[in-house]
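Spelled out, the chains give:
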Amino acid sequence: MASSNSKSTNQTARRIFKILLANPRIKVSWVKAHAGNIGNEGADQLAKDATQHGQPYSFTKLPKPHIKGLLRKRMLEEWQTLWKNGDTGRNIYNIMPSVSLHPTNWIREDVIFFSQHGSFLAYLRRFPLSDSDYCSCGGIGTALHYAT
């Protein structure tokens, strides 16, 4: 590996060597290729993309707030996709289809009612906390049933 040779004339290898010298916490080691190592597979994909489409990332240092903004945006996009395509929390999804980092102003009773996680017989029956999920009137004891 050219970057391990301090006398190399390769400009990229020299830059890598200087970065390694300036950052002793960075460790370089050999990893077996195509062995399912997530980091290595990601590096392979980035290298393949760079050879096909040019270098996608610049060596220019970006300001931390900019990087944080990019990461926040990407995280919210992934969270939104998981929320949209998930199979849990559909009652809440129907009311709040968009994710947000800002808290809602819901009161405790609203959260219990819309999530249907409260002392409703239909909910308690899912656990061994009730013998039946039927209300005394014969209907299924959901939050909506009790409200109406």
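Residues numbered from 1 in each chain as written. Predicted model: local features only at pLDDT ≥ 70, side-chain atom pairs only at ≥ 80, totals over all residues. Heavy atoms only, no water.

Looking at an unreviewed UniProt entry, one finds the chain named RNase H type-1 domain-containing protein, with Araneus ventricosus as its source organism.

1. Some thoughts on helix α2 (residues 38-53)
Compared with an ideal rise of 1.5 Å per residue, which puts 16 residues at 22 Å, α2 spans 22 Å between its outermost C-alpha atoms and is within 8% of the ideal. Near the N-terminus of α2, the side chain that reaches the backbone nitrogen of N40, with its oxygen 2.9 Å away, is that of N37. Note on α2: the residue one or two positions beyond its end, G54, has a positive phi of about 90 degrees. (Helix = DSSP H or I, 4+ residues; strand = E, 2+ residues; numbered from the N terminus. Expected span 1.5 Å × (residues − 1). Polar contact = N/O pair within 3.5 Å; in protein donor to acceptor, adjacent residues only side chain to side chain.)

2. Some thoughts on the environment of N37
Relative to the helices and strands, N37 resides in the loop between α1 (11-22) and α2. Among the polar contacts listed, one links the side chain of N37 to the backbone nitrogen of N40, at a separation of 2.9 Å.

3. Quick look at unusual backbone geometry
What is expected of a backbone is that most residues other than glycine have negative phi and most peptide bonds are trans. For Q116, which is not glycine, the phi torsion reads 60 degrees and is therefore positive. Within the secondary structure, Q116 sits in the loop between α5 (108-115) and α6 (121-125). On the basis of relative accessibility, which here comes to 28%, the residue Q116 falls in the partly exposed class. (Buried < 20%, exposed > 50% of the residue type's maximum accessible area, 1.4 Å probe, protein only.)

4. Looking at a nonpolar patch on the surface
Together, L62, I67, L70 and L71 make up an exposed nonpolar region whose accessible area comes to about 360 Å². Position of L71 among the secondary structure elements: in helix α3 (residues 64-85). (Patch = residues over 30% accessible without salt bridge, like charges linked within 9 Å, V, L, I, M, F, W, Y side chains within 5 Å. Areas by Shrake-Rupley, 256 points an atom, 1.4 Å probe, with all protein chains shown as cover. Salt bridge = Lys/Arg side-chain N within 4 Å of Asp/Glu carboxyl O.)

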